[in-house]
Each structure stands twice: as C-alpha cells, then as structure tokens.
Amino acid sequence: MPIIEKYSTQVKALEESVKNASKIIIVPHYNPDGDAIGSALGLYIVLKNYGKDVEIISPTLYPDFLKWLPYNNKIRVLGKKTQSDPTIFEGADLLIGVDFNALRRIDNIKDRFEASNAKKILIDHHPDPENFTDILITDTKYSSTAELVYEIIESSFLYEYFDTESATCLYTGLMTDTGSLSFGSSNPNTYRVVGELLKKGVNKDKAYDKVYNSFSVDRMRFMGHIMLNRMVVFPELKTAYIYITAKDRKDFNEKFGDTENFVNIPLGIKGIIFSAIFIERDNFVKISFRSKGSFDTNKFSSAHFSGGGHINASGGESHDSLQETTERFVSILQTYSDELKNYEY
Ligand SMILES: [Mn+2]
C-alpha cells in the first residue's frame, strides 16, 4: 500500500489548490541538492504539462552535476541582489516548498515567503516539520521528497500529465538522496516507486553517470589531497573526520559542489560508523555528519553544532575557527566514547 494513502485529505486539498491557482511558484531549500532540485523539476514539469503558469525559484545556486536535467535552465536562481527583492513572489497565488522542514532552510527569502498572501504547501520528508503552510504533506518514511512527489502525482489527477522527463527528475532526486539506493532506502515502497519510474522510461544508468561521473580533474586531485592529508581516524571510536581549510579550497580551484560527498568516504573504512567533515567557509565552518545504523547524527548535530537533518545524514555549522571547531568535536566525541566503542553494526 502506497504511504500516501494516509494523506488523501491533504492530496485532495493540494489538487484543489493547483486547479484554482493562476500562478504557482515552487521553492527548494537553499544550497539545493539533487532531491530538492529533482523534486522541484518533477513537479514543475507535470504542472507545466497541465497548462499552469509555474516557476521554480531557488534561493541559491545548485550543483553543476544537475545541469543536465530537463528544464533545469528554467530555474530562477536568486543572486545576492535578487534575494532581497520584495517582489519575488508577486502575482503568485500558490507557493509549494519542497524538501525542507523549517523556514530557516530557505534562509534569505523566508521573510518574503512568510509575508506572501499566496496559499502555501510544503512537501517534505525531514523529521519535526514546522507548521508554516496551509497544507503539509510530510513523512520520514520516504527516502526522498522525490519519492513523495511521485506518490502525490500518482494518486492525483496530475498523473495524466506525468511523463518521462518528470520521472527522470524524480528518479534523480531519489537516487541522490539514497546514494543510489545504498542508504535511507530500506522501505520497500522506495523500490516500488523506482519500478514505476523505470516503467515510465527513466534511463537510470544515464542518470547515475551524469550525476556521479562528472568530476573535474581539479576535484579528483582535491579528493586525493583530502584523503591523504586531511582525514583523522579514531579506530577505537569508530569515527573519522575530515577538515578542509580555505587554502585547500583555493589551491584546488574549488567549484560549487566539489566538496559534496567527501563526508561519505570515511564510512568506506572497515569499522567506521560515524563520519564528519568541517569546511572552512568565508564566515563560518560548514559541517556535515554521516553515520551507519542507529547512531543519530541529527541529535548529535542539534545538540552540539546548531544543525539537524536525518538520523544518518545531517548538517551543522560553527562560528569558531576551523581548529577550535575540530578540537571541540574531538572533545565532544570523548563523551560518546562508551556508546561508540560498544557500537555494533
Ligand atoms: Mn531530501
């Protein structure tokens, strides 16, 4: 039974809102990932096919490895100036947020999102959603927002407008949020949806190749440097972390998206179940956590690094220096030493 059956009231309300809307704007979170962009585009294509005036507004740039997706060139990416443009949502009577659970996740446009008189819908799969929209469809059982968007389309009149291009965008969202079905995808429903997307004509091998085999030479050498010189391993604690300095980023000519996925690499070491990365950005240290099994990085991050996310993948940040931040991480780690030492996976 598709998970969406529980949400038939919300899907009905969404259908009504879509029918009545004259201009729809879809909004992914800032620094959108494959799921945010894939979900936004999958929905965009179906609404466009239905004949709606629809637009995607991204608060910030999205990674180059998504720039092969159908209609991605239609996404309006806000720059430093346009982020504060008070008119960005003008004329829209329906706003649909995808892949975020809190207004702060759309950062620089949250005030205008909040102030808009348009009807608002949120479609997401993160825990503990804030209540800031008229219609909320969210469930952590979904591997990805894209899987949920598929079920909304499938269970509504929009299915008539669903095509291979939309399916390709949704498959890419599902694929990137699950590391190509290697984590966060143990619900059989995910595989049901993958099957349906393949039936619709998705070329999954091509999607994989476009997303994962698209590195620059600089990025490959950057990864080599990081693995050799910037990875610290605590075998006893089953933990490893990576740190990246501003100079590293400059030396290897870092492009947007280049550090994506570095945090997953230490989990490839036998016995390592918890991984962290600390990246020195302009005004802060950007942090990501990954884990295997039940070690809850969402709790870890919200308790110590003002972040959050999912059990096995979350983010955070620090306004201390890079060195202070990693030292703090190492000392916090000691307080988890019993849990980590005895951890079985
Ligand atoms: Mn997601």
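Everything quoted here is computed from the prediction, not taken from an experiment. (Residues numbered from 1 in each chain as written. Predicted model: local features only at pLDDT ≥ 70, side-chain atom pairs only at ≥ 80, totals over all residues. Heavy atoms only, no water.)

*Asks:* So what's going on with the overall build of the protein chain? Which residues, and what values?
*Replies:* A count of helical and extended segments in the protein chain gives 12 helices and 12 strands. Relative to its length of 345 residues, the protein chain is compact, with a C-alpha radius of gyration of 20 Å against a globular reference of 20 Å. Dimensions of the protein chain, computed from the C-alpha atoms along their principal axes, are close to 55 × 45 × 40 Å. The burial tally for the protein chain puts 53% of its 345 residues in the buried class. (Helix = DSSP H or I, 4+ residues; strand = E, 2+ residues; numbered from the N terminus. Rg over C-alpha atoms; globule rule 2.2 N^0.38 Å. Buried < 20%, exposed > 50% of the residue type's maximum accessible area, 1.4 Å probe, protein only.)

*Asks:* If you had to explain the sheet that holds strand E6 (residues 135-138) to someone new, which residues and values would you point to?
*Replies:* Across the sheet, six strands lie side by side as E3-E2-E1-E4-E5-E6; this open sheet has parallel pairing. Looking at which strands have only one partner, the edges of the open sheet turn out to be strand E3 (76-77) and E6. Alignment of strand E5 (residues 119-124) against E6, held across four bridges, turns out to be parallel. In the sheet register, Leu 122 faces E6, and the bridge partner there is Leu 136. Along the sheet, helix H1 (residues 8-20) makes contact with strand E1 (23-28), strand E4 (94-98), E5 and E6, crossing E6 at roughly 125°. (Pairing = 2+ DSSP bridges. Contact = heavy atoms within 4.5 Å. Axes fitted to C-alpha atoms, helices over the stretch in contact; angles between N-to-C directions.)

*Asks:* Account for the pairing of E5, naming residues and giving values.
*Replies:* A regular strand places its side chains so that they alternate between the two faces of the sheet. Of all six residues making up E5, five are buried, and the element is well covered by its neighbours. Examined bridge by bridge, E4 and E5 share five bridges and lie parallel to one another. Across the sheet, residue Leu 95 finds its bridge partner in E5, namely Lys 120. Each parallel crossover has a hand, and for E4 linked through helix H3 (residues 110-115) to E5 it is right-handed. (Right-handed = clockwise from strand over helix to strand, strands pointing away.)

*Asks:* Lay out the packing of aromatic side chains with the relevant residues and their values.
*Replies:* We describe a pair of aromatic rings using the distance from one ring centre to the other and the angle between the two ring planes. In this structure the tally under the stated criterion is 30 aromatic pairs. In textbook terms, an aromatic cluster arises when at least three aromatic residues are bridged by ring pairs, as seen for Phe 234, Tyr 241, Tyr 243, Phe 274, Phe 278, Phe 289, Phe 295, Phe 300, Phe 305, Phe 329 and Tyr 336. Taking NZ or CZ as reference, Lys 200 lies 5.5 Å from the ring centre of Tyr 159, over its face. Between the NZ or CZ atom of Arg 219 and the centre of the ring of Phe 215, over which it lies, the distance is 4.0 Å. (Phe/Tyr/Trp six-rings, centres within 6.5 Å; stacked < 30°, edge-to-face > 60°. Lys NZ or Arg CZ within 6 Å of the ring centre and 35° of its normal.)

*Asks:* So, the sheet that holds strand E12 (residues 313-318): which residues are in play, and what are the values?
*Replies:* With mixed pairing, the six strands of this open sheet are ordered in space as E7-E8-E9-E10-E12-E11. Each edge of the open sheet carries a strand with a single partner, namely strand E7 (231-234) and strand E11 (308-309).

*Asks:* Let's hear about the pattern of salt bridges: which residues, and what values?
*Replies:* Enumeration according to the criterion identifies 16 salt bridges in this entry. Lys 23 is the partner of Asp 53 in a salt bridge, and the nearest nitrogen-oxygen pair spans 3.5 Å. Highlighted residues: Asp 53 in strand E2 (residues 53-58) and Lys 23 in strand E1, separated in sequence by 30 residues. Residue Asp 53 is classed as partly exposed on the basis of its relative accessible area, which comes to 40%. (Salt bridge = Lys/Arg side-chain N within 4 Å of Asp/Glu carboxyl O.)

*Asks:* I'd like a rundown of the domain arrangement of the protein chain, residues and numbers included.
*Replies:* Where interface size is quoted, it is often the accessible area lost as the parts come together. By domain assignment, the protein chain separates into domain 1 (3-212) and domain 2 (220-341). Each of domain 1 and domain 2 was reduced to a C-alpha centroid, and the two centroids are 28 Å apart. Contact between domain 1 and domain 2 buries roughly 740 Å² in total, counting both sides, with carbon and sulfur atoms accounting for 64%. Summed over the shared surface of domain 1 and domain 2, the number is zero salt bridges. (Domains from an automatic or database assignment. Buried area = accessible area lost by both parts, 1.4 Å probe.)

*Asks:* Which residues make up unusual backbone geometry, and what are the values?
*Replies:* Positive phi, close to 55°, is recorded for Asp 128, a residue that is not glycine. Assignment of secondary structure puts Asp 128 in the loop between E5 and E6.

*Asks:* A description of the packing of helix H2 (residues 34-49) against helix H5 (residues 164-177) should follow, citing residues and the corresponding values.
*Replies:* Running from N to C, H2 and H5 point in directions that differ by 165°, and their axes come no closer than 7 Å. For the element pair H2 / H5, the angle class is roughly antiparallel. Classified by chirality, the crossing of H5 by H2 is left-handed. Residues Gly 34, Asp 35, Gly 38, Ser 39, Leu 41, Gly 42, Ile 45 and Val 46 of H2 lie in contact with H5, whose contacting residues are Glu 165, Ser 166, Cys 169, Leu 170, Gly 173, Thr 176 and Asp 177. Considering only residue class, the contact of H2 with H5 consists of five nonpolar, seven polar and three charged. (Parallel < 35°, antiparallel > 145°, perpendicular 65-115°, else oblique. Left-handed = near helix turned anticlockwise from the far one by under 90°. Nonpolar A, V, L, I, M, F, W, Y, C, P; charged D, E, K, R; others polar.)

*Asks:* Can you lay out the environment of Trp 68 for me, pointing to particular residues and giving the numbers?
*Replies:* Within the secondary structure layout, Trp 68 lies in the loop between E2 and E3. Ignoring anything within four residues of it in the chain, the contact list for Trp 68 reads Thr 168, Thr 172, Lys 206, Ala 207, Lys 210 and Val 211. Within polar-contact distance, the side chain of Trp 68 engages the backbone oxygen of Phe 65 at 3.1 Å. (Polar contact = N/O pair within 3.5 Å; in protein donor to acceptor, adjacent residues only side chain to side chain.)

*Asks:* Report on the pairing of E7, specifying residues and quantitative values.
*Replies:* Summarising the sheet, E7 and strand E8 (residues 239-244) pair through four bridges and their orientation is antiparallel. Residue pairing across strands places Val 233 opposite Ala 240, the latter belonging to E8. If you look at the hairpin formed by E7 and E8, you'll find four residues sitting between the two strands, and Lys 238 has a positive phi there, around 55°.

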